[in-house]
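Here is what each chain is made of, one letter per residue.
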Amino acid sequence: MGDMKITEIETILLSYKYKEDEVWKCPGWTSLQRNAMLVRIWTDKGIYGIGEIGEATSIPHGVEQIVEERFKPMLLGQDPEQIEYLWRKMYVRTQHWGTSALAVAIISGLETALWDLLGKRLNKPVYELLGGPVRDKIRVYASAGMSKTNEDLAKEVAHYKGLGYSAVKMRIGNPDYQSDIEAVRMAREALGDQVDLMADAGMCYVDNAWDFNTVLKVTRELESNRLYWLEEPFVANNMEDYIRLTAMTDIPIAAGEHFYTKYEFKDWIAKRAVNIVQPDVTRSGGILECKKIAAVAEAFHMRCAPHIFTSGVSLMANFHFMMSTPNIQIMEYDRTPNPLRDELLVEPLRYEDGYVHLPRRQPGLGIDLTDEVRRKFAFIPGDPNLKPEFECL
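Remember, predicted model here, so these are calculated numbers, not experimental data.

## Considerations on the overall build of the protein chain
A tally of helices and strands in the protein chain yields 13 helices and 16 strands. Computed over its C-alpha atoms, the radius of gyration of the protein chain comes to 20 Å, within 12% of the 21 Å expected for a compact globule of 393 residues. In terms of its C-alpha atoms, the protein chain occupies a principal-axis envelope of roughly 60 × 45 × 45 Å. Looking at the protein chain as a whole, 59% of its 393 residues are labelled buried.

## Section: the sheet that holds strand β5 (residues 48-52)
With antiparallel pairing, 3 strands are arranged side by side in an open sheet as β1-β4-β5. Edge positions in the open sheet fall to β1 (6-17) and β5, since each of these has one partner strand only. Put simply, the sheet's adjacent strands are angled 25° from each other on average, direction ignored. Pairing between strand β4 (residues 33-43) and β5: 5 bridges, direction antiparallel. Paired with Ile41 across the bridge in β5 is Gly49.

## A look at the UniProt feature "domain: Mandelate racemase/muconate lactonizing enzyme C-terminal" (unreviewed entry) in the protein chain
As annotated in UniProt, the feature "domain: Mandelate racemase/muconate lactonizing enzyme C-terminal" (unreviewed entry) corresponds to residues 150-252 in the numbering used here. Each end of residues 150-252 is marked by a C-alpha atom, and these two atoms are 24 Å apart; helix forms 48% of the span and strand 13%.

## A closer look at the nonpolar core
Counting 122 residues, the largest nonpolar core has Leu38, Ile53, Leu110, Ile172 and Met331 as its most contacted members. Counting residues per element, this core draws most heavily on helix α3 (residues 101-122), at 10 residues. Apart from the residues lying within four places of it in its own chain, the contact partners of Met331 are Ile138, Arg139, Val140, Tyr141, Ile308, Leu315, Phe319, Met322 and Leu349. Listed in part, the 9 residues of the second largest apolar core include Tyr141, Met198, Tyr228 and Ala305.

## Considering the pattern of salt bridges
Taken as a whole, this structure holds 29 salt bridges when the rule is applied. In this structure, Lys45 and Asp3 form a salt bridge, with 3.8 Å as the shortest nitrogen-oxygen distance. A residue pair is termed long-range when its members are at least 10 positions apart, and Lys45 in the loop between β4 and β5 and Asp3 in the segment before β1 qualify at 42 residues. Arg171 is the partner of Glu332 in a salt bridge, and the nearest nitrogen-oxygen pair spans 3.7 Å.

## Things to note about the side chain of Arg34
Within the fold, Arg34 resides in strand β4. A relative accessible area of 7% means that Arg34 is categorised as buried. Among the polar contacts made by the side chain of Arg34, one reaches the side chain of Thr336 at a distance of 2.7 Å. Not counting chain neighbours up to four residues away, the residues in contact with Arg34 comprise Leu14, Ser15, Tyr16, Tyr18, Trp24, Phe309, Thr310, Asp334, Thr336, Pro337, Asn338 and Leu340.

## As for the environment of Ile380
With respect to the secondary-structure elements, Ile380 resides in the loop between α13 (371-376) and β16 (385-386). The class for Ile380 is partly exposed, based on a relative accessible area of 29%. Sequence separation between Ile380 and Asp211 is 169 residues, and the spatial gap between their C-alpha atoms is 36 Å. With near-sequence residues (within four places) excluded, Ile380 lies in contact with Ser15, Lys17 and Gln33.

## Considerations on the environment of Gly46
In this fold, Gly46 is placed in the loop between β4 and β5. Taking the C-alpha atoms as reference points, Gly46 and Ala236, separated by 190 residues in sequence, lie 41 Å from one another.

## Things to note about the side chain of Thr336
Looking at the element boundaries, Thr336 is found in the loop between β13 (331-334) and α12 (339-342). Each residue touching Thr336, except ones within four places of it in the same chain, is listed here: Tyr18, Trp24, Arg34, Ser143, Met146, Phe309 and Arg341.

## Looking at the sheet that holds β16
Overall, antiparallel pairing links the 3 strands, which are arranged β2-β3-β16 in an open sheet. Two strands close off the open sheet at either side, each with one partner strand: β2 (24-26) and β16. Sheet analysis places β2 next to strand β3 (residues 29-31), joined by 3 bridges and oriented antiparallel. From the neighbouring strand, Lys25 faces β3, where its bridge partner is Thr30.

What counts and what doesn't
- Residues numbered from 1 in each chain as written.
- Predicted model: local features only at pLDDT ≥ 70, side-chain atom pairs only at ≥ 80, totals over all residues.
- Heavy atoms only, no water.
- Helix = DSSP H or I, 4+ residues; strand = E, 2+ residues; numbered from the N terminus.
- Rg over C-alpha atoms; globule rule 2.2 N^0.38 Å.
- Buried < 20%, exposed > 50% of the residue type's maximum accessible area, 1.4 Å probe, protein only.
- Pairing = 2+ DSSP bridges.
- Axes fitted to C-alpha atoms, helices over the stretch in contact; angles between N-to-C directions.
- UniProt positions renumbered as here; feature names shortened; annotations may be inferred.
- Core = buried A, V, L, I, M, F, W, Y, C linked by side-chain atoms within 4.5 Å.
- Contact = heavy atoms within 4.5 Å.
- Salt bridge = Lys/Arg side-chain N within 4 Å of Asp/Glu carboxyl O.
- Polar contact = N/O pair within 3.5 Å; in protein donor to acceptor, adjacent residues only side chain to side chain.

See below:
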């Protein structure tokens, strides 16, 4: 048992309002601003750790209340170095109302903050505490390609190709799926044969998801475009159709940002429902839980490509997980405007020729939150996304 105790837990909401020329669209909504919910765990030694609760800004004040009333009493006075014990404590004590989704996302943020705290306590980067790095750089894909004209999309993906990216992801998922098929063809033509292309259908984000026959039609049409993967072609609770589709197409099928803990991932992996799993440290259960998920995938010779799309805390937490895990395939590198991603890093990640390199040795996750950043990005209430009143059925 250590001599350090947890004394306080803060939830910190941040926002960045997009300028008019920064607003972007994807099937299902228009993004008006970027939000993030961070958690900071303080100790009686004056050391703190920072984590992020993925997607918690959908119901920000509800999450704040849950952390204050349910999770804080479990952690105050505890030894923050007992990360495995505290994870199990939080998971078991939320069984009657948790086990998935928001409860696990909250646990994810708190667990990540504990790793950041431990790294600062020991003056070591988190990846050194997870077994050490297994690589000195990792291939990244430019994650962007939001809804726009096909001509503008072609220009955008060509821009990433010019910057040396060897892979690019675009968004599809419109009720008019023929327009998506044409957009993918345009993107493939702009990229040529040497750059990999992913298509994210995002069926957990639209009001009316594609049915199996639609997905099968789209998949058949897209096979000639040599997709690196097709992401989330169904909603997350539709394992049966994932299994059917994965067996019927040569396009690798990816999903996982809406699965939670090793217990849910286990079934998707064992039943070969997907080809590539996409856990997210800030959503799926935390850093150590994602290591366990990746280990299950590794036992089935399955690839892992984490989801990353919020703040710099999420970026670095997932980065430490990836740099210490052997079966990680590629890293998502969000290219939408997002100072909440960039201004929380102690040192920017070094991108070069399609790879991000292991940074100089920073304690913890390599992130920090200054009073200046908190003032600059004070939380803006309201839904950050504008959804259409009606969608085509």
